[in-house]
Amino acid sequence: MTGLFAAQLALASALAWAGVRQRAVFWWTAGLALVALVALFFTLGSWGNSDTTKLSYYFGFDLSRVKGEAFWVLVAPWVLRLPYRMSAVHGLVVACYALVPLLLAWRWRALAWGGWWSLLLCCSPMLRNFLQNGVSRQALATLLLVPLLLWAGQLLALQRRWVALAALLSLTMHTAFAGSLALALLPRLLVGRARPQGLTRWPLRRPAAVIALAVLAAGLVLLVALALPTALEKLAVYVQQESYFNKYPLDQAVGRLQAAMALGLLLSCWRRRLGWRTLLSCALTRQLILFGLLYHLMQWSVQAVWFPQITSRLADVVGLFLLLVYLAWLNRYQCHWAVLPALFVTIDYWLMERLLPSRLLSCGLDDNFLCIPDRWPWQIRYWDLPSR
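Treat the numbers as computed from the prediction; the structure is a model and nothing was measured. (Residues numbered from 1 in each chain as written. Predicted model: local features only at pLDDT ≥ 70, side-chain atom pairs only at ≥ 80, totals over all residues. Heavy atoms only, no water.)

Asker: When you look at the pattern of salt bridges in this model, what are you seeing that I'm missing?
Answerer: Oppositely charged side chains can form a pair if their charged atoms are brought close together. Overall, the coordinates contain five salt bridges when judged by the stated rule. The salt bridge involving R375 is made with D374; its shortest N-O contact spans 2.8 Å. The class for D374 is exposed, based on a relative accessible area of 54%. (Salt bridge = Lys/Arg side-chain N within 4 Å of Asp/Glu carboxyl O. Buried < 20%, exposed > 50% of the residue type's maximum accessible area, 1.4 Å probe, protein only.)

Asker: Sorry if this is basic, but what is going on with the nonpolar core here?
Answerer: Counting residues in each nonpolar core, the largest one holds 115 residues, and the members touching the most others are F42, W72, Y97, F321, W329 and W350. Take this core: its biggest share by element is 15 residues, from helix 16 (residues 308-332). (Core = buried A, V, L, I, M, F, W, Y, C linked by side-chain atoms within 4.5 Å. Helix = DSSP H or I, 4+ residues; strand = E, 2+ residues; numbered from the N terminus.)

Asker: Would you mind going over the packing of aromatic side chains with me for this structure?
Answerer: In this description, a pair of aromatic rings is defined by centroid distance and the angle of the planes. Going through the model one piece at a time under the given rule, you end up with 22 aromatic pairs. Each ring, one from W300 and one from W306, has its centre 6.0 Å from the other, and the planes form 45°; the classification is tilted. Among the residues examined, W300 registers a relative accessible area of 46% and is labelled partly exposed. On the basis of an interplanar angle of 5° and a centroid distance of 5.6 Å, the ring pair of W376 and W378 is categorised as stacked. The class of W376 is exposed, set by a relative accessible area of 54%. According to the relative accessible area criterion, W378 is exposed, its value standing at 60%. Members of the aromatic cluster, each reached through a chain of ring pairs, are F5, F41, F42, Y349, W350 and F369. Against the face of Y58 rests R65, its NZ or CZ located 3.8 Å from the ring centre. Of note, R188 hangs over the ring of W151, and the distance from its end group to the ring centre comes to 4.4 Å. (Phe/Tyr/Trp six-rings, centres within 6.5 Å; stacked < 30°, edge-to-face > 60°. Lys NZ or Arg CZ within 6 Å of the ring centre and 35° of its normal.)

Asker: Is there a simple way to think about the side chain of T142 in this case?
Answerer: With respect to the secondary-structure elements, T142 resides in helix 8 (residues 136-143). Looking at T142, its side chain comes within polar contact range of the main-chain oxygen of Q138, at 2.8 Å. Not counting residues up to four positions away in its chain, the partners in contact with T142 are Y97, F130, S180, V317, L320 and F321. (Polar contact = N/O pair within 3.5 Å; in protein donor to acceptor, adjacent residues only side chain to side chain. Contact = heavy atoms within 4.5 Å.)

Asker: Would you mind going over the packing of helix 5 (residues 86-107) against helix 6 (residues 114-122) with me for this structure?
Answerer: Two quantities define a packed helix pair, namely the angle between the helix axes and the distance between the axes. The geometry of helix 5 relative to helix 6 is characterised by a closest axis approach of 8 Å and an angle of 145° between their N-to-C directions. As for the relative orientation of helix 5 and helix 6, their crossing is right-handed in sense. From helix 5, V94, Y97, A98, P101, L102, L104 and A105 reach across to helix 6, where they touch G114, G115, W117, S118, L121 and C122. Its residues placed into classes, the contact of helix 5 with helix 6 shows ten nonpolar, three polar and no charged. (Axes fitted to C-alpha atoms, helices over the stretch in contact; angles between N-to-C directions. Left-handed = near helix turned anticlockwise from the far one by under 90°. Nonpolar A, V, L, I, M, F, W, Y, C, P; charged D, E, K, R; others polar.)

Right under this line is the structure:
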């Protein structure tokens, strides 16, 4: 596993080299290789996690575990055919997390930083519950709301039809869609009416567009009607009965990362001579402050034990949006180098607190991340039983 991560570092360096020299073909080749290695790494690393193991077993005969999540009900038969089942799905989900920063680096013309941005997301302690605990369903549902976040914050020119389609698909993947959807739309409250060039509007005067909008609205109503009862039921359980919550937002590595991000911002302001008036007049700065304060609120909620069973499950959503807005801010002011403190803290956390201690894990006796498989996929017996 250390060798696989070392290869990822090498590929990120190769992406930086190719980006500086504008070698597009080599850049995409190295980028796709990095995404493939991330998929392999997290497939093996999440094999022992309780969430992935639980779904790998229950998908064979009890789909009530994903009640109200139509996407997983439909793909469950296909998941059973994958090597390591849900672990392979989780590897693909994290690979998509690695791909998003590469696409953003391509669109923002910051090719040299694409590989490092990918590692910043995939190894971040802010996303530990999503990516290292195998919470694949909510992680994928949140990732599909990233286009909505980019549109709402006017960070990228996107066609509305694809943004809406991704958001609709997200609603079918996890019953926590309401909270994640609201968080993705928050930046819309902080931006003006101006929109980035190239943003496509739907020509509502055309009959086809009107029909498409009507079908989209009908689909949204149907999906919400199917998922809402289960979502409300789970919310009631979390509030009244559930006592478990994770304390990952309170990890020291998260605090170090927050300090490193703040340092990067201060260095950027000093380098670009940005005053507080200029910053507050920038909608992107206001979005960064918003998500920073929201993440602090999540941390306070967990520490004060004030509905932590809910806020701890939304902390990774806010963490993902915060990291993406942070990268967008650095790109806006052309201070890509200021990501280095956050990147150093993230890689140090990954090496010193995740990879090196993993050699002491009692794999097979616990469900820790990085307990890798002890057998080939075809040697596993899940003992799927018919439902009774």
